[in-house]
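# Structural overview
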Amino acid sequence: MAVLSKIRNRSGLLLLAIGFALLAFVVQDLFTKGFNSISKEVGSVNGKDISYEDFRIKVAEVEKGGQNGQPISTLQASNQVWNNEVDIALLSAEFEKLGLRVGKKHIVEIFKADPNIGQNPAFLNAAGKFDEKKFEDYFKSNPEGMTAFKQREENAELRAKYDIYASLIKGAMYVTDAEGKFKYEAENNKVSFDFVTVPFSSIKDSDVKISDEEILAYMKTKEKKFKSEETRELDYVMIQEKPSAEDEAEIKKNVDRLLVPSVTYNKETGKNDTIPGFRSATNIAEFVNSNSDIPYDSSYIAKQDLPAEHADKLFNLAAGEIYGPYMFANYYCISKALGRKASAKAKASHILISWEGTQVPNQKEKRTKEQAKAKAEGLFAQAQANPSSFMMLALTNSDDSSAQQGGDLGYFSPGQMVKPFNDFVFNNPVGKIGLVETEFGYHIINVTDKQDAIRLATIAQKIEPSEATNNKIYTQATQFEMDAATKDFAALAKQMKLTVNPSVRVKAIDESFGAVNNQRQIVKWAFADDTKIGDVKRFEVINMGHIIAKLKKVTEKGLMSVEEARPQVEFILKNKKKAEMIKAKMKGSSLAAIASSNKVTVLNAVDLTIENPAVPGAGYEPKVVGTAFASKAGQVSAPIDGNSGVYVVVTKATTKAPAIQKYTDYINKMKPQAISNAQRFLQALRDDADIVDNRANFY
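The text that follows walks through the structure, step by step, so that each part is easy to find. Bear in mind the structure is a predicted one, so any value in this text is a computation, not a measurement.

### Re the overall build of the chain
Across its full length, the chain holds 24 helices and 23 strands. For 699 residues, the compact-globule estimate of 2.2 N^0.38 gives 27 Å, and the C-alpha radius of gyration of the chain, at 38 Å, exceeds that figure by more than 25%. Judged by the C-alpha coordinates and their principal axes, the chain covers about 115 × 110 × 70 Å. Here the chain holds 699 residues, and the buried ones make up 36% of them.

Written out as structure tokens, the structure reads:
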């Protein structure tokens, strides 16, 4: 009791001590993880913050909706939302600078262009046109939908401004008469010249050294080109969870045992029961489902759909005959033939002629049902008279997407097509051409092939690693992780007969790790504040095994490393040094003298243009051809640094193209490039923006 009394008396001090301990823990955590971890912003664009709370909600909505009907990961959804938010922020700033404003008319036009709104029967009038009043009345009578409408309205306003902005840029990207004239002259002015060239390859690469300082200096002159995001580089080994030879033998033995009867003790009767084997089992479906990892399938299978390496033997089995065991993918299988069915699958081509009112998205022209019937009957007569023309008739007339394949629909089973179509194909022989009507329109059908099929009962047991094998693999992976912390990674891998995969470079927000998808855990570890170069960690990869990764290199945001830039910069700098070495020897008052001193020959080029500056025997050399145009005839030029070597030229003759009154054709040639330039504005805005991406702190 005395002890309890003392505790009560000192409880205030105890609480105070606990409070200080908690405070110390929190402060330490802040210094360990950094203050970014409690940031409320997921990023910023030119100083404008993007709130995490709003961003998170949008990510959840995108993730819920998926992509093209397929589920997507949180990070994939995050990427979509992030790109969208960045674009909106950049464009909104541009709209504000220009003072762009849109009215109700612009917004309504955007709504009308949306098929979910503009073609919605609820918003159409009797003439099938979009009715603005119906649209507004709908939301007035459905207040719960007003929030969604407001969001759509905001999006429509942005879209309308975007359309105006894009039009302004497109309008500014035009081609002038002066540009058309330059294009004409670049294509038609011609120059002929003699030249001497000493290729860069005449000097060995090993004789020219490029220092790290020289590469760094070059990179600083083109900082945008060599801009690098923060990255981590890792080495790794993969230890796969795969079945051993013993596991395969055990599965094969299990499958073999199913062929013959077995004896099992029955607890209820206290006697042994004889279980029939696969050969003599009477309830095939039950037997397969009780012993197979793949359920019984009663459908008939065409030969082309059987495992290719076993197709001949399986397809030719007599009823009741068994084939196997055999391997297919990761399964040991035995199959029993249960019968054959003639013409179980058919192949056909068709020409679809639809009319207004049918639900066909690819209609080539508008027509009434009567007009469609008349056209279909005409095509039917042509196809009957000349069956070999069927493919071309389908290509040029069919309203179905199969038109691009000459109407070919491939193989299908009974019941896969609408009934009139199905009945014609399966009730007529190969080569029969007919005309049928369905809800989609009139079909001219050509039955092109039929296939027999067989029904098989297949027991398939998956070859998987046993628990003992998985334990062995786990032990190996754990041992490698522990040893790699103190030993050479590559040498240890070689000792344990493992392969070190090519290094993987990841960014902070990456999800994939090399060829292995959805490995965010590895990327987060690589970027963690307490992960240092040389650290090693093991990761379990579902359905694959273990990845043991080692952090090899850290690259901060800014200029890429010299090591990373060297492959693309060293070649340029070496050629510059080689050019200076070659120029020092290119002395002489004539091409013949220069050629002689460099042990090369004088060559000639005839009628080259600025548009096509391909120097014979040397390749694309615009500087050389440009210098030839600019030089006086007979004058020896100064040495020219080309793409493949150093050149000296003597212009022989320049032929100017005859003057023409208009350059319309040449202006038109340049317009596609101008249009292409107009479409690059969004990337240009991104390149020039200050974008801060903090998503790695949240995902």
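### Re helix α15 (residues 390-397)
The α-helix winds at 3.6 residues per turn, so residues separated by three or four positions along the chain end up facing the same way. Taken as a whole, α15 has its buried residues at Phe390, Leu393, Ala394 and Asn397. Buried residues of α15 fall within an arc of 100° about the axis and therefore sit on the same side. Turned more than 90 degrees away from the buried face of α15 sit Met391 and Met392, all of them exposed. In this structure, the buried side of α15 is in contact with β10 (331-353), α14 (369-385) and β13 (441-462).

### Examining the pattern of salt bridges
Overall, the coordinates contain 38 salt bridges when judged by the stated rule. With its nearest N and O atoms 3.2 Å apart, the salt bridge here joins Asp163 to Arg159. Remark: Arg159 and Asp163 occur in helix α8 (residues 146-172); sequence separation between them is four residues, near one turn of the helix. A relative accessible area of 44% places Arg159 in the partly exposed class. The residue Arg367 makes a salt bridge to Asp399 at a minimum N-O spacing of 2.9 Å. Note that Arg367 is positioned in the loop between β10 and α14 and Asp399 in the loop between α15 and β11 (408-412), a separation of 32 residues in sequence. Accessibility assignment for this pair places Arg367 and Asp399 in one class, buried. In the salt-bridge network here, residues are joined through shared partners; they are Lys183, Glu187, Glu611 and Lys669.

### Quick notes on the sheet that holds strand β16 (residues 545-555)
Spatial strand order, β14-β5-β16-β15: four strands in an open sheet with antiparallel pairing. Since the sheet does not close on itself, it has two edges, and those belong to β14 (500-507) and β15 (536-541), each with one partner. Each neighbouring strand pair of the sheet contributes to a mean axis angle of 35°, computed without reference to strand direction. Summarising the sheet, strand β5 (residues 231-240) and β14 pair through six bridges and their orientation is antiparallel.

### Points about a positive patch on the surface
A contiguous patch of positive charge on the surface is contributed by Lys222, Lys225, Lys576 and Lys623. Within the secondary structure, Lys225 sits in the loop between α10 (212-221) and β4 (227-228).

### With respect to helix α16 (residues 419-426)
Here α16 has its buried residues at Phe421, Asn422, Phe424, Val425 and Phe426. Buried residues belonging to α16 abut β10, β11, β12 (433-438) and β13.

### A word on unusual backbone geometry
Going from Gly324 to Pro325, the amide bond is cis rather than trans, its omega being 0°. Phi is positive for Asn518, close to 55°, though the residue is something other than glycine. Looking at where Asn518 falls in the secondary structure, it is placed in the loop between β14 and α19 (520-527). With relative accessibility at 51%, the residue Asn518 sits in the exposed group. Of note, Lys599 is a non-glycine position whose phi angle comes to about 55°, a positive value. Of note, Lys599 is situated in the loop between α21 (591-597) and β18 (603-608).

### Some thoughts on the environment of Asp293
Looking at where Asp293 falls in the secondary structure, it is placed in the loop between α12 (284-291) and β8 (301-302). The contact partners of Asp293, leaving out residues within four places of it in the chain, are Tyr331, Ala460, Gln461 and Lys462. A distance of 2.7 Å separates a polar side-chain atom of Asp293 from the backbone nitrogen of Lys462.

### What to know about the packing of aromatic side chains
Summed over the entire model, instances satisfying the criterion amount to 23 aromatic pairs. On the basis of an interplanar angle of 70° and a centroid distance of 5.7 Å, the ring pair of Phe95 and Tyr165 is categorised as edge-to-face. With Phe95 in helix α4 (residues 74-98) and Tyr165 in helix α8, this residue pair connects regions lying 70 residues apart in the sequence. Of the residues examined, Tyr165 reaches a relative accessible area of 7% and is grouped as buried. Here the aromatic rings of Phe412 and Phe426 are separated by 6.0 Å at their centres, their planes lie at 85°, and the arrangement is edge-to-face. Here Phe412, found in strand β11, pairs with Phe426, found in helix α16; they are 14 residues apart in sequence, far enough to count as distant.

Calculation notes
All residue numbers here refer to positions counted from 1 along the written sequence of the relevant chain. Predicted model: local features are reported for residues with pLDDT of at least 70 only, side-chain atom pairs are reported and counted for 80 or more only, and whole-chain, interface and lining totals are derived from all residues. Hydrogens and waters are ignored; side-chain quantities use all the structure's heavy atoms. Note on conventions: DSSP H or I runs of at least 4 residues are helices, E runs of at least 2 residues are strands, and numbering of each starts at the N terminus. Just to be clear, the radius of gyration here is over C-alpha atoms, and the globule rule we use is 2.2 Å times residues to the power 0.38. With a 1.4 Å probe rolled over the protein chains alone, any residue whose accessible area is under 20% of its type maximum counts as buried; one over 50% counts as exposed, and the rest are partly exposed. What the arc covers is the set of directions going from the helix axis to the C-beta atoms. Contacts between residues were defined by any pair of non-hydrogen atoms, one from each residue, lying within 4.5 Å. In the sections that follow, a salt bridge refers to a side-chain nitrogen of Lys or Arg positioned within 4 Å of a carboxyl oxygen of Asp or Glu. Pairing between two strands is assigned when DSSP locates at least 2 bridges connecting them. Inter-axis angles, ranging from 0 to 180 degrees, are taken between N-to-C directions of lines fitted to C-alpha atoms, where helices are fitted over the stretch in contact. Two distance rules govern patches: like charges are joined within 9 Å, and nonpolar side chains (Val, Leu, Ile, Met, Phe, Trp, Tyr) within 5 Å, applied only to residues with over 30% relative accessible area and no salt bridge. Residue exposure ignores everything except the shown protein chains as possible cover, and the areas themselves are Shrake-Rupley values with a 1.4 Å probe. Charge counting treats Lys and Arg as positive and Asp and Glu as negative, with His and both chain ends excluded. One atom stands in for each charge, and that atom is NZ of Lys, CZ of Arg, CG of Asp or CD of Glu. Residues adjacent in sequence count toward polar contacts only when both atoms are side-chain atoms; beyond that, a polar contact is any pair of N or O atoms within 3.5 Å, and within protein one must be able to donate a hydrogen and the other to accept it. Between rings of Phe, Tyr and Trp, where Trp is taken as its six-membered ring, a pair exists when centres lie within 6.5 Å; planes separated by under 30 degrees are stacked, by over 60 edge-to-face, and by other angles tilted.

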